[in-house]
Amino acid sequence: MARKLCALVLLGLALAARAEEITPVMSDERVVFQTEYGDITFGFWPEVAPVTCAHIFKLVRLGCYISNHFFRVDKGFVAQTSDVVGGRSLPMNAEQEAEAGKTVPLEVVQGVKHHAGVMSMGRYDDPNSGASSFSVLLGDAPHLDMVYTAFAKVTEGMETLRKLEELPTKREGIFVMPLKRITIQATYWYRINRPEPALTLPDAKVCEDDLHELTLRFASQAEELQRVRKKCLPA
């Protein structure tokens, strides 16, 4: 009887945990990493990790991940990119170095789970030390929930990641590393077209243009209001 009761409690806890899981809203931006094994496309979760998403997206726009590589491929667990500082084979310009040198804070939301395809920031012991290295989950990793920042998810290219899992590896300390360098040969990004309004990452230039447009619109409306007031209301 006690054993059956214990099983029911565990089942209840598991169902409660599953019920608490949330599916984050994905922005319209898509980033593509191109490798010799195929492309990997992912979208951001800015409502979950706004600072991290903006930082990684800027690194992508600056071309920082081009010539970087996946230094770690641990089958069933993660494929992890190197920090772009030191991981690239191409030199960096001043603007790239400035952004790559920044760190981001830990950003976690209850209910966001580390499943296969989720992208999670790498860091040191300091939870606020994320820079540019991140992992792509190759399987479920619940022990990472609420401990590492999940900020994006693969939308296309899981088959590419499965190819990476089959490559020969070696173990160095806690890391399982490919014997052959897996280079990110090129990167690009685009916005998908949706019929309904959707969440997009903040862009300083877009925000500036929108603000300018609104300012002009409000000024025009104020002038129109003054014209109507003078016409319709007694002096």
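In the annotation of an unreviewed UniProt entry, the entry for the protein reads PPIase cyclophilin-type domain-containing protein, and the organism field reads Chlamydomonas incerta.

(A) View of the sheet that holds strand 3 (residues 69-74). Reading across the sheet, the nine strands line up as 10-3-4-6-5-7-2-1-11 and stay open at both edges, with antiparallel pairing between neighbours. Lying at the two open borders of the sheet, with one neighbouring strand each, are strand 10 (182-183) and strand 11 (186-191). In terms of strand pairing, strand 2 (residues 38-44) meets strand 7 (residues 150-156) through four bridges, oriented antiparallel. Of the residues in strand 7, the one forming a bridge with G43 is K153. In this fold helix 2 (residues 50-61) packs onto strand 1 (29-35), strand 2, strand 5 (118-121), strand 6 (134-137), strand 7 and strand 11, with an angle of close to 50° to the strand it touches most, strand 1. Sheet contacts for helix 5 (residues 158-165): strand 1, strand 2, strand 3, strand 4 (78-81), strand 6, strand 7 and strand 10; angle to strand 2, the most-contacted strand, approximately 125°.

(B) Expanded view of the pairing of strand 6. Going residue by residue along strand 6, you find F134 and V136 tucked away on one face and S135 and L137 tucked away on the opposite face as well. In the sheet, strand 4 pairs with strand 6 via three bridges, with the strands oriented antiparallel. Following the sheet pairing, V78 is matched in strand 6 by L137.

(C) Region of the structure containing the layout of surface pockets. Volume-wise, the largest pocket comes out at about 450 Å³. Forming the boundary of the largest pocket are 26 residues, of which R72, Q80, G122, R123 and S133 lie nearest the centre. Tallying contributions element by element places strand 4 first for the lining of the largest pocket, with three residues. Considered class by class, the residues forming the lining of the largest pocket number 13 nonpolar, ten polar and three charged.

(D) Quick look at the nonpolar core. In terms of nonpolar packing, the biggest core is built from 42 residues, with F44, I56, F134 and F151 touching the most fellow members. Looking at this core, the elements that each hand over two or more residues are strand 1, strand 2, helix 2, strand 3, strand 5, strand 6, strand 7 and helix 5. If we skip the residues at most four places from it in the chain, F151 touches F44, W45, A49, T52, C53, I56, M119, S120, M121 and F134. Counting residues in hydrophobic clusters, the runner-up holds five residues, among them V78, L137, A141 and L144.

(E) Structural detail: a nonpolar patch on the surface. A grouping of V108, M146 and V147 is seen on the molecular surface, where their side chains present a nonpolar patch of about 190 Å² in accessible area. By the secondary structure assignment, V108 is in the loop between helix 4 (94-100) and strand 5. Using a relative accessible area of 31% as the deciding quantity, one classes V108 as partly exposed.

(F) How the structure looks around unusual backbone geometry. Not every positive phi belongs to a glycine, and S67 is a case in point at roughly 80°. Within the element layout of this structure, S67 appears in the loop between helix 2 and strand 3. Residue class for S67 comes out buried when judged on its relative accessible area of 6%. Non-glycine residue M146 carries a positive phi angle of around 65°. Relative to the helices and strands, M146 is located in the loop between strand 6 and strand 7.

(G) A look at helix 5. Listing the buried residues of helix 5 in full gives T160, L161, L164 and E165. One side of helix 5 holds all its buried residues, which, seen down the axis, span an arc of 150°.

(H) Main features of the pattern of salt bridges. In this structure the tally under the stated criterion is seven salt bridges. Residues E36 and K180 are paired through a salt bridge, measuring 3.2 Å at the closest nitrogen-oxygen approach. Within this pair, whereas E36 is found in the loop between strand 1 and strand 2, its partner K180 is found in the loop between strand 9 (175-178) and strand 10, the two being separated by 144 residues in sequence. We classify E36 as partly exposed; its relative accessible area is 46%. One salt bridge connects R162 with E165, and the closest N-O pair in it is separated by 2.8 Å. Here the residue R162 and the residue E165 both occupy positions in helix 5, the gap between them amounting to three residues, near one helical turn. Looking at E165, the relative accessible area reads 11%, which means it is buried.

Reading the values: rules and limits
- Residues numbered from 1 in each chain as written.
- Predicted model: local features only at pLDDT ≥ 70, side-chain atom pairs only at ≥ 80, totals over all residues.
- Heavy atoms only, no water.
- Pairing = 2+ DSSP bridges.
- Helix = DSSP H or I, 4+ residues; strand = E, 2+ residues; numbered from the N terminus.
- Contact = heavy atoms within 4.5 Å.
- Axes fitted to C-alpha atoms, helices over the stretch in contact; angles between N-to-C directions.
- Buried < 20%, exposed > 50% of the residue type's maximum accessible area, 1.4 Å probe, protein only.
- 1 Å grid on protein atoms, 1.4 Å probe; cavity = no way out; pocket = protein on both sides within 12 Å on 5 of 7 lines; lining within 4 Å.
- Points joined across faces, edges and corners; volume = space filled by probe spheres on them.
- Nonpolar A, V, L, I, M, F, W, Y, C, P; charged D, E, K, R; others polar.
- Core = buried A, V, L, I, M, F, W, Y, C linked by side-chain atoms within 4.5 Å.
- Patch = residues over 30% accessible without salt bridge, like charges linked within 9 Å, V, L, I, M, F, W, Y side chains within 5 Å.
- Areas by Shrake-Rupley, 256 points an atom, 1.4 Å probe, with all protein chains shown as cover.
- Salt bridge = Lys/Arg side-chain N within 4 Å of Asp/Glu carboxyl O.
- Arc of directions from axis to C-beta.

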